[in-house]
Amino acid sequence: MANIFKTIRDRIKERGLNKLEKNLQILYDRKNISFNPLTVSSLVSPISDKNYSVRLMEHYVWYVGSLSLLLSFYRKNKALYSTGEALDDYNYFWGNVPIENRRVHSKLPQIISNKMADMLLYNGLDIDTQVYTVNDKGERVVDEEQSRIVKNVLMSIYKDNDFKKLLRKSMTDESWSGDIAWKLIIDTSFSNKPIIQEVDTRNYEIITKYGKDIGIVFKEYYEKQNGKTTDHYVLEETYTKDENNNALIAYHLFKLDSAGKKQELPLGALEETAPLLDNPLFDTETQTITFNGLAEILAHRKPNRLPNAEFPNTNYGQSDYSGSCSLFDSLDETLSTMVDDIRKGRSLAFIPDTLIPRDMYGNVERFNDFKLRYQKVAGSDASTENENEITEYNPSSKSTEQLEKYKSILMQVCNSVGLSPLTLGITGLESIDASAQSQQEREKVSIRTRNYKIGLWQEFLKKISKKVLKTYIYMQEITTTGEEIEDEELKAIKELDIDNIEININFGDYALKPFDERLRDYGSALQLGSISIEKAVDLIYKDEMTEEQKQIEVDRLKMQKGFSLANEDNLLSDIDLAL
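Residues numbered from 1 in each chain as written. Predicted model: local features only at pLDDT ≥ 70, side-chain atom pairs only at ≥ 80, totals over all residues. Heavy atoms only, no water.

Student: I'd like a rundown of the sheet that holds strand β4 (residues 195-200), residues and numbers included.
Tutor: Read from one edge to the other, the open sheet built from three strands follows the order β4-β3-β12, with strand pairing classed as antiparallel. The open sheet has two edge strands with one neighbour each: β4 and β12 (299-303). Across the sheet, the axes of successive neighbouring strands diverge by a mean angle of 20°, strand direction being ignored. Pairing of strand β3 (residues 179-185) with β12 involves five bridges; the strand directions are antiparallel. Of the residues in β12, the one forming a bridge with Trp 182 is His 300. Running over the sheet, helix α11 (residues 444-479) touches β3, β4 and β12 and is turned about 175° from β12. (Pairing = 2+ DSSP bridges. Helix = DSSP H or I, 4+ residues; strand = E, 2+ residues; numbered from the N terminus. Axes fitted to C-alpha atoms, helices over the stretch in contact; angles between N-to-C directions. Contact = heavy atoms within 4.5 Å.)

Student: For the pairing of strand β8 (residues 247-256), give the residues involved together with the corresponding values.
Tutor: Across the ten residues of β8, seven count as buried, placing the element largely inside the fold. Of the pairings in the sheet, the one linking strand β7 (residues 229-241) to β8 comprises ten bridges and is antiparallel in character. Within β8, the position partnered with Tyr 233 by the bridge is Lys 255. In this antiparallel pair of consecutive strands, β7 and β8, the connection spans five residues, and Asn 245 shows a positive phi of 75°. (Buried < 20%, exposed > 50% of the residue type's maximum accessible area, 1.4 Å probe, protein only.)

Student: Account for the sheet that holds strand β15 (residues 501-507), with residues named and values stated.
Tutor: Strand order in the open sheet formed by three strands is β2-β1-β15, with antiparallel pairing between adjacent strands. Two strands in the sheet have a free side with no partner beyond their single neighbour: β2 (140-142) and β15. Within the sheet, the average angular offset between the axes of one strand and its neighbour, ignoring direction, is 30°. Strand direction decides the pairing type here: strand β1 (residues 125-134) and β2, joined by three bridges, are antiparallel. When the bridges of β2 are listed, Tyr 132 appears paired with Val 142.

Student: A description of the packing of helix α5 (residues 108-120) against α11 should follow, citing residues and the corresponding values.
Tutor: Where α5 contacts α11, the axes come no closer than 10 Å and their chain directions differ by 75°. As summarised for this structure, α5 and α11 are arranged roughly perpendicular, according to the angle between their axes. On α11, the residues that touch Met 116, Met 119 and Leu 120 of α5 are Ser 446, Thr 449, Arg 450, Lys 453, Ile 454 and Trp 457. Classifying every residue of the contact of α5 with α11 gives five nonpolar, two polar and two charged. (Parallel < 35°, antiparallel > 145°, perpendicular 65-115°, else oblique. Nonpolar A, V, L, I, M, F, W, Y, C, P; charged D, E, K, R; others polar.)

Shown next as structure tokens:
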């Protein structure tokens, strides 16, 4: 009996082991089924410099909105697609439309980028500075006088660099390109303040290490006529830091051949780059300029949207146009079809040969498609009355259907870029009743986009402002070394510790208050001394007054308060940046 039970137990155990073996084999087989990028590499376009450059130029072409550029770009890249090198199926309207067809561009991409800047600067922005010191009690407190000096200096630098124009252009360029950079130029022969230049992504590349920017290579291109050919050159300026953490700029001049290969040349080879050799700080052996004692990269980059969904392995920001170019093209195709339908929808006249107008020599006159008018001609050779008649055919129009398609694509574009149609000045696409909903409710999509971008711009402006102040202090130190400084503000700024400065960037509200509400709120703030007269006037009247009219109003208010217009201490007690 014991042997029977043992036999049963052995068989159960064997079946269990066999089942376990099968389960383990299944797990083993499943383990071997995993993602292998090599198996799909032929299906997915590689992320390369060429693909990034093509995409960047595509976005630029849409922003410019030139019909000839759109035609040229898409016809060229349609040919590239046939070789398997392009990113997309460039079977677009702009790559296939016949020359004789009517072509219309909506200009929507340019409107989007411009509106992005308008939306951010809708109600202006303020830059405020606070300098912290430690009092006798060991407490960290704000030094009001130092704060005033620092703000005056920073606003003066920005004013010399036409800050309003600089900021608006930067916000527009980052929208289409996805990334912009500001570089600081030290040229004491031109100005005693840093010169700020904005550069879009076409003209720089970033150097990264462990995902962090350690340098920016700015590129400036030159063309020189050489007989019947044109020679191309590029100057590369690498903004970085040396091993001692000092700001450094390295210069290299290259000649480009037809394939884009570079041959380095001495800087003196071009008249545009030769003046670099005259800079007293220029090291001819290393072709660099080092600013000893200035521990900053004299440039800073501003990405638009991060992470970049299309190019996730790069630090470059994502364009607002990303994923929308096919929609832009569809929009233009629909719009062009609508316009072409209007042209082709005119009445079509069937005229007997004998009734076609002829000139004095008997030649058939050419008809104007836009002014097609006929009258019966006497002396017809037609045998019957019916054969001597002009008949017309009126084709049916599909404009209503096309308009609905246009609206549908337009709404998809708005959703793709994160803007409400109302922000772009487009009405009739939303079901919200304007009389029953506030502006903020109707533009809540745009407000979310605005808030996201404001966060990035605040971070950028804080960092670049500190770099600007550090660079300014450095410039004052190298130009006043060994001199007795009489200017108290200059003396104070030279002794300033930038690490003790806090810079706040405040963007105004998006929804503009009615005039009576602005007058009440900002007028009360002025009476309480919370804001300056200049700021109050600017916030109350916004774009309803010119700058000259605002200044007249400021002077009038100051005279009423008993200020002397000749006393600059009274008139310029505070400087505010109002955009």
